[in-house]
Amino acid sequence: MIALTLAAMALLVFASRYLFLEPRLPIELGPKLRRLMGYATPAVLSAVIAPMVLSHQGELVTDWQNPYLLGAIAAVLIMLLTKNTLLSTVLSMVLFVMLKFWLFA
Amino acid sequence: MSHTVDPNSKPPSKELWLGTIAMTPLSIAVAPWGFLVGAYALEVGLSPLEAQSLSLFVFAGTSQLVALGLLQAQAGFVAIMLTTALITSRHLLYSMALRDKISPLPARWRYGLGFLLTDELFVHTPSNDGKPLNKWYALGAGLSFYIAWNLATLLGILAGSAIPNLTELGLEFAVVATFTAMLVPMIRSLAIACCCATASTVAVLGAVMDWQAGLLLAILSGMFAGFIFEQAQEYLQ
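Analysis parameters
- Residues numbered from 1 in each chain as written.
- Chains lettered and ligands numbered in written order.
- Predicted model: local features only at pLDDT ≥ 70, side-chain atom pairs only at ≥ 80, totals over all residues.
- Heavy atoms only, no water.
- Phe/Tyr/Trp six-rings, centres within 6.5 Å; stacked < 30°, edge-to-face > 60°.
- Lys NZ or Arg CZ within 6 Å of the ring centre and 35° of its normal.
- Helix = DSSP H or I, 4+ residues; strand = E, 2+ residues; numbered from the N terminus.
- Buried < 20%, exposed > 50% of the residue type's maximum accessible area, 1.4 Å probe, protein only.
- Patch = residues over 30% accessible without salt bridge, like charges linked within 9 Å, V, L, I, M, F, W, Y side chains within 5 Å.
- Areas by Shrake-Rupley, 256 points an atom, 1.4 Å probe, with all protein chains shown as cover.
- Salt bridge = Lys/Arg side-chain N within 4 Å of Asp/Glu carboxyl O.
- Contact = heavy atoms within 4.5 Å.
- Buried area = accessible area lost by both parts, 1.4 Å probe.
- Polar contact = N/O pair within 3.5 Å; in protein donor to acceptor, adjacent residues only side chain to side chain.
- Nonpolar A, V, L, I, M, F, W, Y, C, P; charged D, E, K, R; others polar.
- Axes fitted to C-alpha atoms, helices over the stretch in contact; angles between N-to-C directions.
- Parallel < 35°, antiparallel > 145°, perpendicular 65-115°, else oblique.
- Left-handed = near helix turned anticlockwise from the far one by under 90°.
- Core = buried A, V, L, I, M, F, W, Y, C linked by side-chain atoms within 4.5 Å.
- pLDDT = per-residue confidence, 0-100.
- Expected span 1.5 Å × (residues − 1).

1. Some words on the packing of aromatic side chains
Residue and element names in this part refer to chain B.
Alright, step 1. Within the structure shown, the criterion is met by 13 aromatic pairs over all chains.
Alright, step 2. One aromatic cluster is present, formed by Phe59, Phe115, Phe145 and Tyr146 through successive ring pairs.
Alright, step 3. One Lys or Arg, Arg110, reaches over the ring of Tyr111 and ends 6.0 Å from the middle of that ring.

Laid out in structure tokens, this is it:
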């Protein structure tokens, strides 16, 4: 069952990446659909991050002393200030580890 | 052949290397996430071989992570496929954007670069600047990222089999950190901000209310919120 799920996922992902690279494909997406799809990436990223940051085991997080929330805020600020992906990722992860295992432990 | 040869292109080995170098920051940043996917897969109940196969053949961090979460929640095959289809739909846009540059290439290049076409590779491939795409550069960037992702997964599998409950250490913050760094520069308009706010709200609501299709609903409502906002803005102008 897992093997089937894996194979189907692999096919689905490859198909979406390859479809428009195929020269014999005659269709193009219409402009409206194209614009709707333009929102897929920010929607996916937000929908994955938000529950990790704002909820814990099915409960809304209301406590400010939450390493996920503070780490995410740090990542946003560093990204806005430096526009450096690696710096933002590494520094926010360091802050997260310090908060989780040291300050709030 | 419609594609022209870039007079500034360097020998293949040099371009491979340049692509690898350009991708290095993201290859490093993604390591904790690849590690997490490996360790988490074992915790969900996959064998080490299945866990590595996910990264070898699916090679899509978000889809892998979300699918593992759904497997853990005992979601069915159809739910996993629908969610994967929605999450992966953004890749259609990437292949569309690179159609003019990659579709004239021989089949093995199309398949190869298509397989490697992640968010990260797309960010590093000039899509509409008029310059020809150097296939060796793209291969270097894509392949080095693929190797980094799989090595990180392997480490996660090895560590996960040695240390139980590894995922309780908070490794999933790697996803938050990586996605936040990718998301922030993307928010360039009110419509995109509206999309993100809606997707976040519905996703949190879904997590708190324990909806099976929470993520799916969140992504769809975010996409439509952004699109409708944009259409309304144009209509009002």
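2. A few points about unusual backbone geometry
With the exception of glycine, most residues fall at negative phi, and the peptide bonds are largely trans.
Residues and elements named next belong to chain B.
Alright, step 1. With a phi angle near 50°, Phe59 is a residue other than glycine that sits in the positive phi range.
Alright, step 2. Position of Phe59 relative to the elements: it lies in the loop between helix H3 (48-58) and helix H4 (61-72).
Alright, step 3. Given a relative accessible area of 2%, Phe59 falls into the buried group.
Alright, step 4. Of note in this structure, Asp210 is not a glycine but carries a positive phi near 60°.
Alright, step 5. The class for Asp210 is exposed, based on a relative accessible area of 67%.

3. Regarding a nonpolar patch on the surface
Alright, step 1. Side chains of Leu54 and Leu60 of chain A together with Leu205, Val208, Met209, Trp211 and Leu217 of chain B sit close together on the surface and give an oily, nonpolar patch of about 610 Å² of accessible area.
Alright, step 2. Examining the composition of the nonpolar patch, we find that three residues originate from one element, helix H12 (residues 190-209) of chain B, more than from any other.
Alright, step 3. Among the secondary structure elements, Leu54 of chain A is positioned in helix H3 (residues 40-54).

4. Quick look at the interface of chain B and chain A
When the parts come together, some accessible area is lost, and that loss is often what is quoted as the size of the interface.
Alright, step 1. Taken together, the contact between chain B and chain A spans 85 residues of the former and 65 residues of the latter.
Alright, step 2. Together chain B and chain A conceal approximately 6,700 Å² of surface at their shared face, both sides included; 78% is due to carbon and sulfur atoms.
Alright, step 3. Counting across the chain B and chain A interface gives three salt bridges.
Alright, step 4. Glu22 of chain A is the partner of Arg110 of chain B in a salt bridge, and the nearest nitrogen-oxygen pair spans 3.8 Å.
Alright, step 5. Taken together, the connections running from chain B to chain A amount to 15 residue pairs in polar contact (both at pLDDT 80 or more).
Alright, step 6. Class assignment of the residues belonging to the side of chain B that touches chain A gives a composition of 57 nonpolar, 19 polar and nine charged.

5. Some thoughts on the packing of helix H4 (residues 67-82) of chain A against helix H5 (residues 85-103) of chain A
All names here are of chain A.
Alright, step 1. Look at H4 against H5: their axes get within 8 Å of each other, and the N-to-C directions meet at 155°. By the angle class used here, H4 and H5 are roughly antiparallel. Regarding H4 and H5, the two cross each other, and that crossing is right-handed. Judged by residue contacts, Pro67, Tyr68, Leu70, Gly71, Ala74, Ala75, Ile78, Met79 and Thr82 of H4 engage Thr85, Leu87, Ser88, Leu91, Ser92, Leu95, Phe96, Leu99 and Lys100 from H5.
Alright, step 2. For the contact of H4 with H5, the per-class residue count stands at twelve nonpolar, five polar and one charged.

6. Here we look at the nonpolar core
Nonpolar side chains tend to gather and get buried jointly when the protein is soluble and globular.
Alright, step 1. The biggest cluster of nonpolar side chains holds 96 residues, and the ones touching the most others in it are Trp33, Leu68 and Ile219 of chain B.
Alright, step 2. Excluding its chain neighbours within four sequence positions, the residues that come into contact with Trp33 of chain B are Gly61, Thr62, Leu65, Trp149, Ala174, Val175, Thr178 and Phe179 of chain B.

7. Here's the deal with the confidence of the model for chain A
Alright, step 1. Averaged over all residues, the pLDDT of chain A equals 90, while 100% of them reach at least 70.
Alright, step 2. When pLDDT is averaged over each helix and strand of chain A, the minimum, 84, is found for helix H2 (residues 31-37) of chain A and the maximum, 96, for helix H1 (residues 2-18) of chain A.

8. Some details on H12 of chain B
All names here are of chain B.
Alright, step 1. Taking 1.5 Å as the rise per residue, H12 with 20 residues should run 28 Å; its terminal C-alpha atoms sit 28 Å apart, in good agreement.
Alright, step 2. Every buried residue of H12 is accounted for by Ala191, Ile192, Cys195, Cys196, Ala199, Val202, Ala203, Val204 and Gly206.
Alright, step 3. One or two steps after H12, the chain reaches Asp210, where phi turns positive at roughly 60°.

9. Section: the side chain of Asp119 of chain B
Alright, step 1. Structurally, Asp119 of chain B can be placed in helix H9 (residues 119-123).
Alright, step 2. Here Asp119 of chain B falls in the buried class, since its relative accessible area comes to 7%.
Alright, step 3. A distance of 2.5 Å separates a polar atom in the side chain of Asp119 of chain B from a polar atom in the side chain of Arg90 of chain B.
Alright, step 4. Setting aside its immediate chain neighbours within four residues, Asp119 of chain B contacts Thr41 of chain A together with Arg90, His91, Tyr94 and Met182 of chain B.

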